[in-house]
Amino acid sequence: MKKAINPAKLICGFLGLCTIVSIGGAISSTLAWYAYATRATLLYSGTSVYDNGQLQIGVKNDDPIQALKDDGMIEEQKNGSYYYFAPAGEGLNSERINMYLAARGYATNELIPVTSGEFNPADNNHNTFALKQSPSSESYNNATAATHAHYSQITFAFRAFHTDNNGDREFVEGQELWLTYAQTRASVGSSGNVSKAMRMYINRDVAEYGANNGFIFNPSSKDAGTTKVAGLLNLGHDQYYDFDDNGEIVYGEYTIADGTDSGISNAPYAGDDELADVNGSGSTTPDTFTAKHSPYASAYYQNLNKLNIKTAKYEGIDTIKPAKAADGTLSNQQGKKTSVCVTGGESVGYIGEFDATIYIEGWDFSVIDEEHRHKFDFQLRFETNRI
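Just so we're clear, the structure is a prediction, and the values are computed from it rather than from any experiment.

**As for the pattern of salt bridges**
Here's step 1: Scanning the model with the defined rule gives ten salt bridges in all.
Here's step 2: Of the charged contacts, one joins Lys-60 and Glu-353 as a salt bridge, the two residues approaching to 2.8 Å between their closest N and O atoms. In this pair, Lys-60 sits in strand E3 (residues 55-61) while Glu-353 sits in strand E26 (residues 352-360), placing the two residues 293 residues apart along the sequence.
Here's step 3: Using a relative accessible area of 24% as the deciding quantity, one classes Glu-353 as partly exposed.
Here's step 4: For Asp-71, the salt bridge identified is with Arg-96, shortest N-O distance 2.8 Å.

**Looking at the side chain of Thr-290**
Here's step 1: Relative to the assigned elements, Thr-290 resides in the loop between strand E18 (275-276) and strand E19 (291-292).
Here's step 2: Taking the relative accessible area as the measure of exposure, Thr-290 reaches 1% and is therefore buried.
Here's step 3: Among the polar contacts made by the side chain of Thr-290, one reaches the side chain of Ser-281 at a distance of 2.9 Å.
Here's step 4: Those residues in contact with Thr-290 that lie beyond four places of it in its chain are Tyr-241, Leu-275, Ala-276, Asp-277, Ser-281, Ser-283 and Thr-285.

**Considering the layout of surface pockets**
It is a probe the size of a water molecule, rolled over the atoms, that shows where empty space is left.
Here's step 1: Of the voids in this model, the largest pocket is the one considered here, and its volume is about 490 Å³.
Here's step 2: What lines the largest pocket is a set of 25 residues, and nearest its centre among them are Lys-60, Tyr-83, Asp-205, Ile-351 and Glu-353.
Here's step 3: Among the secondary structure elements, those contributing two or more residues to the lining of the largest pocket are E3, strand E5 (81-85), strand E6 (152-163), helix H3 (206-209), strand E25 (341-342) and E26.
Here's step 4: Looking at the lining of the largest pocket residue by residue, the class counts come to seven nonpolar, nine polar and nine charged.

**Observations regarding empty space enclosed by the protein**
Here's step 1: Of the volumes computed, that of the largest cavity is approximately 60 Å³.
Here's step 2: What lines the largest cavity is Thr-115, Gln-133, Ser-134, Pro-135, Tyr-140, Asn-141, Asn-142, Val-229, Gly-252, Glu-253 and Trp-363.
Here's step 3: When the residues that make up the lining of the largest cavity are grouped by side-chain class, the tally is four nonpolar, six polar and one charged.
Here's step 4: Here the second largest cavity is characterised by a volume of approximately 30 Å³.
Here's step 5: Ser-116, Arg-199, Ile-216, Thr-227, Ala-312, Lys-313, Tyr-314, Tyr-359 and Glu-361 are the residues that line the second largest cavity.
Here's step 6: Here the element with the most residues in the lining of the second largest cavity is strand E22 (residues 311-314); it accounts for three residues.
Here's step 7: Across the lining of the second largest cavity, the residue classes tally to four nonpolar, two polar and three charged.

Criteria and cut-off values
Residues numbered from 1 in each chain as written. Predicted model: local features only at pLDDT ≥ 70, side-chain atom pairs only at ≥ 80, totals over all residues. Heavy atoms only, no water. Salt bridge = Lys/Arg side-chain N within 4 Å of Asp/Glu carboxyl O. Helix = DSSP H or I, 4+ residues; strand = E, 2+ residues; numbered from the N terminus. Buried < 20%, exposed > 50% of the residue type's maximum accessible area, 1.4 Å probe, protein only. Polar contact = N/O pair within 3.5 Å; in protein donor to acceptor, adjacent residues only side chain to side chain. Contact = heavy atoms within 4.5 Å. 1 Å grid on protein atoms, 1.4 Å probe; cavity = no way out; pocket = protein on both sides within 12 Å on 5 of 7 lines; lining within 4 Å. Points joined across faces, edges and corners; volume = space filled by probe spheres on them. Nonpolar A, V, L, I, M, F, W, Y, C, P; charged D, E, K, R; others polar.

Structure (structure tokens):
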């Protein structure tokens, strides 16, 4: 029988202009994103963007947002879209960002853990980014698209300028912006590791960056890596991995390596009643990803070694930040273009932009019930060369 599932500060270098994005939040309700009957939610205060007077920061939308205009943002129409820029030096506060997200129908102060599923920008068969809802007792690999209420999506817009001898502002074409710093940490007075599950998909301009322009960024990692998007789970929180009539359930995306032998036992588990870290989470205490084998189900003794577990590839800060010369000049790392956008010419209002999809990756080993109500902060810094 199938088991039931219980329901900023400014930082400026000698030759750099920069802006900081800050996100803070708190978990509410059960965090186990796999819960079938209840929603797992993540609260966060919003996004704040600050600049140093030579970068103009804004957001883009297909339709006008009167609330942003009423709040003092500068509305401009370009090529059928609406841009809302903060006055230079003022930046975007969390209230403005939440007005923007609410107008677009995306999550403002609540994120529901989701998954990208398999993702690899270098693989033409798996380089399409699309967030999916959690698996369930009815669908072990739920391919249902996540709704806008599950995550946040912001189209950031940037313009760089200098002031001429007459005091007039001149916007500059061809200025690249890089993501140069990221930090995720528990908020003051809180604890936990849920911030490690934060992800941001950066979708850049196809004409400027090519067909495989997007990548997942893990702000808690220095290096590139992968997240497994399949495994055994203890969704019922009853100390045992979930199982049905066929034995232990493998949720998520995977294939059987040789096409026939999955590695599951032919008879019910007969070993010791102790934790088995089948998923390789490293946990030594029971949680969503670490449990025992039930004596009433066939089990995976080989830690899923005979399964081809799919992964989502991500970048770390050290693999996307720019190279810096001795004089402080920034440039792309050798062999790859790592900037997030480039300011355009007069025809596009000298604007550079990219889409940021901010979400919680439910397959990250940090997404467990024990993280309930832990608060976290998320900071990003973007820089460009001084004009």
